[in-house]
Amino acid sequence: MAKKTEESDISELKIPGHVAIIMDGNGRWAKKRLLPRNMGHRAGAKTMEDICEDAWDLGIKYLTLYAFSTENWKRSEEEVTGIMNLLRKYLVDCVERSAKNNMRVRIIGDRTALDEDIQEKIAHLEEVSKIYTGLNLTIAINYGGRDELRRAVTAMAEEAAKGELAPGDVTEQYISSKLDTRELPDPDLLIRTSGELRTSNFLIWQLAYTEFYFTDCLWPDFNKDELIKAIRYYNGRDRRYGGV
Ligand code: FPP
């Protein structure tokens, strides 16, 4: 009998429109191989590239990846520099890849704290990929959910101080419209790799009704089969959004 692969029967699966991923486990992946941590990040960056194509193949329209958090600056200077250099390369390579894959790329997070050349690379990639209508890839860099809310509340306080915003105007929709994710639907499925069971300040407002899937798989080992496993899990959930 033919081996049943993860890819069999996927046509019957309901595909989540927006998948968000906390890509964790690069350091442990490297450690297991006696490699420096930055080699784990390099492998993780390659997985980021591949998973975009896999997600689109499966019919996912929005993919949001947590690449660097507001807390990640606490890592060693060597590690932070290594990740920033990977990011530089990723942003440059992504210009060609977005054209090849018809992929629109957005960056969320406070980019003002990033080096000037990185900010320029981000602006260029966002601009040139605006015309693409395939996968909407969002990468969170220097992103923290609390920091995103703080920035949104500051912007609203400035509007209020100018007399442009009344207390009654602050609806949930209005708050959503002030977040970095204003152009994105809320995620349907959150995946976290490497066995940790927490959300680590990722999309804290947007995950209110999202299904969570945790896997022991380390991020560099994550692939299309693992993504299908997560989607199968999602298919077994009954989303009631607070109803009965
Ligand atoms: C966590 O692994 C991973 C991150 C810090 C974020 C993800 C980063 C990448 C995929 C590489 C960077 C790529 C770009 C394009 C910026 P960890 O180091 O926390 O792993 P550990 O928990 O096993 O130590």
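See the structure printed just above.
Everything in this summary refers to the structure shown in the same document.

## Concerning the sheet that holds strand β2 (residues 62-69)
In step 1: Taking strand neighbours across the sheet as the criterion, the 6 strands line up as β3-β4-β2-β1-β5-β6 in an open arrangement whose pairing is parallel. Whereas interior strands pair on both sides, the edge strands pair on one side only; in this sheet they are β3 (104-108) and β6 (211-214). Along the sheet, successive strands turn relative to each other by an average axial angle of 20°, direction set aside.
In step 2: Both β3 and strand β4 (residues 136-143) contribute to a ladder of 5 bridges, which runs parallel. Residue pairing across strands places Ile 107 opposite Ile 139, the latter belonging to β4.
In step 3: Most of the contacts of helix α2 (residues 37-58) go to β2, to which it runs at about 165°, and overall it touches β2 and β4.

## So, the nonpolar core
In step 1: The biggest cluster of nonpolar side chains holds 42 residues, and the ones touching the most others in it are Ile 21, Leu 63, Leu 137, Ile 191 and Leu 227.
In step 2: Sort the elements by how many residues they give to this core and helix α3 (residues 77-101) lands first, with 7 residues.
In step 3: In this view, Ile 21 contacts Leu 63, Thr 64, Leu 65, Tyr 66, Leu 190, Ile 191, Phe 202, Trp 219 and Phe 222; residues no more than four positions away in its chain are not counted.
In step 4: Core analysis: the second largest hydrophobic core is formed by 10 residues, Ala 140, Leu 190, Leu 203 and Leu 207 among them.

## A short note on the site of the ligand
In step 1: Surveying the vicinity of the ligand reveals 18 residues, the closest of which are Met 23, Gly 27, Arg 28, Arg 37 and Arg 75.
In step 2: Contact between the ligand and Arg 28: an oxygen atom at 2.7 Å from a side-chain N or O atom of the residue.
In step 3: A distance of 2.8 Å separates an oxygen atom of the ligand from a polar atom in the side chain of Arg 75.
In step 4: Residue assignment for the shell around the ligand shows that the elements contributing at least two residues are α1 (26-32), α2, β2 and α3.
In step 5: Per-class residue counts for the shell around the ligand are 8 nonpolar, 6 polar and 4 charged.

## Digging into the packing of aromatic side chains
Any pair of aromatic rings gets described here by the distance separating the centres and the angle formed by the planes.
In step 1: In this structure the tally under the stated criterion is 8 aromatic pairs.
In step 2: Here the aromatic rings of Tyr 66 and Phe 202 are separated by 4.2 Å at their centres, their planes lie at 10°, and the arrangement is stacked. Separated by 136 residues along the polypeptide, Tyr 66 in strand β2 and Phe 202 in the loop between β5 (189-192) and β6 bring together distant segments of the chain. Note on accessibility: Tyr 66 and Phe 202 belong to one class, buried.
In step 3: Taken together, a centroid distance of 5.6 Å and an interplanar angle of 50° make the contact between Tyr 209 and Tyr 241 tilted. Residue Tyr 209 is located in the loop between β5 and β6, and its partner Tyr 241 is located in the segment after α7 (224-235); the two are separated by 32 residues in the primary sequence.

## Focus on the packing of α2 against α7
In step 1: Where α2 meets α7, the closest approach of the two axes is 10 Å, and the angle between their N-to-C directions is 45°. It follows from the interaxial angle that α2 and α7 lie oblique. Of the two elements, α2 crosses α7, and the hand of that crossing is right-handed. Residues Ile 51, Asp 54, Ala 55, Asp 57 and Leu 58 of α2 form the contact with α7, whose participating residues are Lys 224, Leu 227, Ile 228 and Ile 231.
In step 2: Looking at the contact of α2 with α7, its residues break down into 6 nonpolar, no polar and 3 charged.

Cut-off values and rules
- Residues numbered from 1 in each chain as written.
- Predicted model: local features only at pLDDT ≥ 70, side-chain atom pairs only at ≥ 80, totals over all residues.
- Heavy atoms only, no water.
- Pairing = 2+ DSSP bridges.
- Helix = DSSP H or I, 4+ residues; strand = E, 2+ residues; numbered from the N terminus.
- Axes fitted to C-alpha atoms, helices over the stretch in contact; angles between N-to-C directions.
- Contact = heavy atoms within 4.5 Å.
- Core = buried A, V, L, I, M, F, W, Y, C linked by side-chain atoms within 4.5 Å.
- Buried < 20%, exposed > 50% of the residue type's maximum accessible area, 1.4 Å probe, protein only.
- Near = heavy atom within 4 Å.
- Polar contact = N/O pair within 3.5 Å; in protein donor to acceptor, adjacent residues only side chain to side chain.
- Nonpolar A, V, L, I, M, F, W, Y, C, P; charged D, E, K, R; others polar.
- Phe/Tyr/Trp six-rings, centres within 6.5 Å; stacked < 30°, edge-to-face > 60°.
- Parallel < 35°, antiparallel > 145°, perpendicular 65-115°, else oblique.
- Left-handed = near helix turned anticlockwise from the far one by under 90°.

Treat this as a map of the structure, not an account of what it does.
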